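# Coordinate inspection notes
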Amino acid sequence: MKVLVVDDEQPARDRLRQLLEDMPGYEAIGEAGNGEQAVRLCTELRPDVVLLDIRMPGMDGIEAAHHL
């Protein structure tokens, strides 16, 4: 499964990506630091799963989910 990791904190994105590397069948295909980037990358990369942080500056995870 192709996974997009979205969190405004780089250490959190790093940890999620690391966890995905240990799970067979899952691949982190991209990262976003905010909701706007997440929506744009979903259009470009077409992930199967989006790991989306709720609290982010600008467009938060709830609003991004509505766009997705």
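Bear in mind the structure is a predicted one, so any value in this text is a computation, not a measurement. (Residues numbered from 1 in each chain as written. Predicted model: local features only at pLDDT ≥ 70, side-chain atom pairs only at ≥ 80, totals over all residues. Heavy atoms only, no water.)

### Things to note about the pairing of strand β2 (residues 27-32)
For clarity, the cut-off: DSSP bridges decide pairing: two strands pair if at least two such bridges lie between them. Secondary structure elements are taken from DSSP: a helix is a run of H or I of four residues or more, a strand is a run of E of two residues or more, and numbering for both begins at the N terminus. A crossover gets the label right-handed when its path from the first strand over the helix to the second runs clockwise, viewed with the strands pointing away from the viewer.
Sheet topology places strand β1 (residues 2-6) next to β2; five bridges connect them, and they run parallel. By the bridge assignment for β2, Val5 is matched with Glu31. Handedness of the crossover is the feature at issue here: the chain leaves β1, passes through helix α1 (residues 10-21), returns alongside β2, and the resulting connection is right-handed.

### A look at the nonpolar core
For clarity, the cut-off: Only buried Ala, Val, Leu, Ile, Met, Phe, Trp, Tyr and Cys residues count toward a nonpolar core, and they belong to the same one when joined by side-chain atoms within 4.5 Å. Think of it in three bands: with a 1.4 Å probe and only protein chains considered, a residue is buried below 20% of the maximum accessible area for its type, exposed above 50%, and partly exposed in between. Note on contacts: a residue pair is in contact if any heavy atoms of the two residues lie within 4.5 Å.
Membership of the largest hydrophobic core is limited to seven residues, which are Leu4, Val6, Ala32, Ala38, Leu41, Cys42 and Met56. Looking at this core, the element that brings in the most residues is helix α2 (residues 35-45), giving three residues. Every residue in contact with Ala32, bar those within four places of it in the chain, is listed here: Val5, Val6, Asp7, Arg13, Gln37, Ala38 and Leu41.

### A word on unusual backbone geometry
With phi around 55 degrees, Arg46 is a residue other than glycine that occupies positive phi space. Looking at Arg46, the relative accessible area reads 60%, which means it is exposed.

### Regarding the side chain of Asp7
This is how the line gets drawn: For the purpose of charge, His is not counted, nor are the chain termini; Lys and Arg are scored as positive and Asp and Glu as negative. Salt bridges are counted wherever a side-chain nitrogen of Lys or Arg sits within 4 Å of a carboxyl oxygen of Asp or Glu.
Following the sequence through the fold, Asp7 ends up in the loop between β1 and α1. One buried charged residue, Asp7, forms no salt bridge at all, with the nearest opposite charge on Arg13 at 5.8 Å. Ignoring sequence-local partners within four residues, the contact set of Asp7 consists of Ala12, Arg13, Ala32, Gly33, Asp53 and Met56.

### Section: the environment of Val50
Tracing the backbone shows Val50 in strand β3 (residues 49-52). What makes Val50 partly exposed here is its relative accessible area of 27%. In this structure, the C-alpha to C-alpha distance between Val50 and Ala28, residues 22 residues apart in sequence, is 9.7 Å.

The quantities given are spatial measurements derived from coordinates; they are silent on function.
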